[in-house]
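For reference, the chains in residue letters:
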Amino acid sequence: MQLVVGRIGRAHGIRGDVSVEVRTDEPELRLGPGAVLLTDPASAGPLTIESGRVHSGRLLLRFVGVKDRNAAEALRGTLLISEVDPEERPEDPEEYYDHQLIGLDVVLLDGTPVGELTEVVHLPYQDLLTVKKADGTEVLVPFVSQIVPTIDLENQRAVITPPAGLIDPEQAEVAGAAAEDPAEESTEASAAPGEVGGAGESGDSAKSGESA
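The rules behind the values
- Residues numbered from 1 in each chain as written.
- Predicted model: local features only at pLDDT ≥ 70, side-chain atom pairs only at ≥ 80, totals over all residues.
- Heavy atoms only, no water.
- Salt bridge = Lys/Arg side-chain N within 4 Å of Asp/Glu carboxyl O.
- Helix = DSSP H or I, 4+ residues; strand = E, 2+ residues; numbered from the N terminus.
- Buried < 20%, exposed > 50% of the residue type's maximum accessible area, 1.4 Å probe, protein only.

A short note on the pattern of salt bridges
Enumeration over the complete set of coordinates arrives at six salt bridges. Salt-bridge contacts for D17 lead to R62; the nearest nitrogen and oxygen are separated by 2.8 Å. Placement of D17 in strand β2 (residues 17-22) and of R62 in strand β5 (residues 58-63) is noted, with a sequence separation of 45 residues between them. On the basis of relative accessible area, D17 is assigned to the buried category, the value being 7%. With relative accessibility at 21%, the residue R62 sits in the partly exposed group. Here E50 and K67 are joined by a salt bridge, their closest N and O atoms 3.9 Å apart. Linking E50 in strand β4 (residues 47-55) with K67 in the loop between β5 and α2 (69-73), this pair joins segments that are 17 residues apart in sequence. Sharing partners across several salt bridges, the network here consists of D17, R53 and R62.

Observations concerning the environment of N155
Relative to the assigned elements, N155 resides in the loop between β11 (150-152) and β12 (157-160). Each C-alpha atom, one on N155 and one on L104, is 8.7 Å from the other, the two residues being 51 residues apart in sequence.

Following this line, the structure appears as structure tokens:
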């Protein structure tokens, strides 16, 4: 299995160093000295990492045989690809490789089908799962435990508990309209003491759903 683990950016200095956009959660393993990487385009590689360091928050790598700025700049835009055993799992049990997630069936907690997980989008602040629904539309689901509580690789499915409106925007519109309905506000204001408890239970249920 081949995984893209980085993308070469601009040359740094005059000795062949390049900045690298990291695309792996395990840079120490995939982009460490001695690692041999395939490339896209293939004509640029394979490349063997000679050394690496972090400078101003960026990873800088030097490859064997790349000795000057011109040679480093010629690699700009090249994708770095690592060979990974398909059965290999990250050390953290809560992490997954992209290829393990892509293709999973996405369902709600009660088993209702939502769609197919087609892509993992890596952003600086969090990862998003692209889910293609049966009607062909796509939604982005934040990959956090509150919304994606279960990844079941054995049964090839991801269980999600999305907030109202994430999967079906109409649900959010209905919820918003209900909250703004003056008639409901009047009913709550005039509710008998026994009925106030009922409203409290509804609030607890919504909170429980958010933390599930």
